[in-house]
Each structure stands twice: as structure tokens, then as C-alpha cells.
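Tertiary structure, described
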Amino acid sequence: MKAIEDYEKVSIYGLDPDIQEQLLSSQRECVFTWCTRDEWPMGVIMSCLWHEGRMWLTAGAHRHRIAAVRRNPKVSVVVTSTGTELGSGKTVTLKGTCQIHEDQATKDWFYPAFSRHLYSENEREADAFAQKLDSPLRVVLEVTPEKRITYDGTKMFLHSAGRLADEG
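Report on the accompanying structure.

**Considerations on the overall build of the protein chain**
- Helix and strand counts for the protein chain come out as 5 helices and 7 strands.
- Counting the 168 residues in the protein chain, one finds 39% classified as buried.
- Sequence separation of at least 24 residues holds for 70% of the intrachain contacts in the protein chain that already meet a minimum separation of 6.

**Concerning the nonpolar core**
- Counting 27 residues, the largest nonpolar core has Phe 32, Met 55, Leu 57, Val 77, Leu 141 and Val 143 as the members making the most contacts within it.
- Those elements that place two or more of their residues in this core are helix H1 (17-26), strand S1 (29-35), strand S4 (54-60), helix H2 (64-71), strand S5 (74-80), strand S6 (90-101) and strand S7 (138-152).
- Apart from residues lying up to four places away in sequence, Val 77 is in contact with Cys 30, Val 31, Phe 32, Met 55, Val 92, Thr 93, Leu 94 and Val 143.
- Of all hydrophobic cores here, the second largest spans 10 residues; its members include Trp 56, Tyr 111, Ala 113 and Ala 130.

**Let's talk about the pairing of S6**
- Sheet topology places S5 next to S6; 7 bridges connect them, and they run antiparallel. The residue bridging Thr 80 from the neighbouring strand is Thr 91, located in S6.

**Brief notes about helix H3 (residues 104-118)**
- For H3, with 15 residues, the first-to-last C-alpha span of 21 Å sits near the 21 Å given by 1.5 Å per residue.
- Buried within H3 we find Thr 106, Lys 107, Phe 110, Tyr 111, Ala 113, Phe 114, Ser 115, His 117 and Leu 118.

**Topic: the environment of Ser 76**
- Its location among the elements puts Ser 76 in strand S5.
- The sequence separation of Ser 76 and Thr 33 amounts to 43 residues, and the corresponding C-alpha distance is 5.2 Å.
- Apart from the residues lying within four places of it in its own chain, the contact partners of Ser 76 are Val 31, Phe 32, Thr 33, Leu 94 and Lys 95.
- In terms of polar contacts, Ser 76 uses its side chain to reach the side chain of Thr 33, at 2.3 Å.

**Considerations on unusual backbone geometry**
- Even without a glycine there, the phi angle at Glu 39 is positive, about 70 degrees.
- Positionally, Glu 39 belongs in the loop between S1 and strand S2 (41-47).
- Phi at Glu 52 takes a positive value of approximately 50 degrees, unusual for a residue other than glycine.
- Within the secondary structure, Glu 52 is located in the loop between strand S3 (49-51) and S4.

**Comments concerning the pairing of S7**
- The sheet contact formed by S4 and S7 spans 6 bridges and is antiparallel. The residue of S7 that forms the bridge with Leu 57 is Leu 141.
- Looking at chain direction, S6 and S7 are connected through 12 bridges and run antiparallel. Note on S7: the bridge partner recorded for Gln 99 is Glu 142.

**Some thoughts on the pattern of salt bridges**
- Scanning all chains against the criterion turns up 5 salt bridges.
- Linking Lys 155 and Asp 16 is a salt bridge whose minimum nitrogen-to-oxygen distance equals 2.9 Å. Taken together, the residues span a long stretch of sequence, with Lys 155 in helix H5 (residues 153-160) and Asp 16 in the segment before H1 at a distance of 139 residues.
- Residue Asp 16 is classed as partly exposed on the basis of its relative accessible area of 37%.
- A salt bridge links Arg 54 to Glu 142, with the shortest nitrogen-to-oxygen separation between them at 3.0 Å. Taken together, the residues span a long stretch of sequence, with Arg 54 in strand S4 and Glu 142 in strand S7 at a distance of 88 residues.
- Judged by its relative accessible area of 32%, Arg 54 is partly exposed.

Basis of the calculations
Residues numbered from 1 in each chain as written. Predicted model: local features only at pLDDT ≥ 70, side-chain atom pairs only at ≥ 80, totals over all residues. Heavy atoms only, no water. Helix = DSSP H or I, 4+ residues; strand = E, 2+ residues; numbered from the N terminus. Buried < 20%, exposed > 50% of the residue type's maximum accessible area, 1.4 Å probe, protein only. Contact = heavy atoms within 4.5 Å. Core = buried A, V, L, I, M, F, W, Y, C linked by side-chain atoms within 4.5 Å. Pairing = 2+ DSSP bridges. Expected span 1.5 Å × (residues − 1). Polar contact = N/O pair within 3.5 Å; in protein donor to acceptor, adjacent residues only side chain to side chain. Salt bridge = Lys/Arg side-chain N within 4 Å of Asp/Glu carboxyl O.

Written out as C-alpha cells, the structure is:
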């Protein structure tokens, strides 16, 4: 197998669907990005929950990002494998639309599920966290992906060393 000569076409190193799902399901934080009123991209690291093909997050309704999403629901979410069983070098970027939920029914399922995801080793901490989340000004964000961009650094490494079939 011939090693690659340069890194011009890294888009050929996408994550396999099962690894994408494992990454999205296991990671507990992401970078959430939106566009400001003056059209500048902005992003923050947030805790997240991948549930039924969508990324779920929460924030106080008074946060600037919530006003921005109300103006323009086009967002992106970047998830890396750093800190997971997958090691480093793997990413999924989701481009999608964000819906803001303020209803109690959504909060009732989301807060416990989100808290268990973040505090999976400690049920008492998860319960306490869920109770604190349930406050009057908190909203739940649901990002529905329209496109994914993925990257698997392991594939690029193997191809660089001539140990992965030439895909380009």
C-alpha cells in the first residue's frame, strides 16, 4: 500500500458510522456555535447529550446565545473524541438548526437524562444536578443535524504510513 504524499485531501478520512455514533453518545461536552447579530461566528464549550439523532444542551434564557438562536436558528456543534475511550483525533461537526424548548414536558425528560449522562458514576450527584437545572429561566436546546463533517485521524496516520488502502 502506497503512503500518501501530502495532506491536501483529508476529507477522505471520515469516521465510520458506528464510530460516529459511539463518539456522539459517549462525549459529554461539545463546542456550540452560533452567529451574532453582526454576523460573527461565536462558540462556547457546553455539556451535551446525544439523544435519538439530535444534540441536546441547556442554558439560561438570558444568555446571549439564546437570543442569537431565536434570531437565527442555524448553528453547529463540534464534538471531539478527546477524553473518551476512542482517544484523540476523531471529530464530528454537526451543521443544523436549533429549536429552543421552554415547555415542562421537555424539561421533565431532558434534565434527568442529561444529568445521568454527565454523572453516570454517581446517581446522587445526577439527581442533585437535575434538580438544580430545573429553574424558571432555563431552556433546552435541540439541534437537528442537516449535515455532518467527520474526521478520523487514525485513518490518516495509517494511510501516511502506507498501511491503509489509497482512497484518493
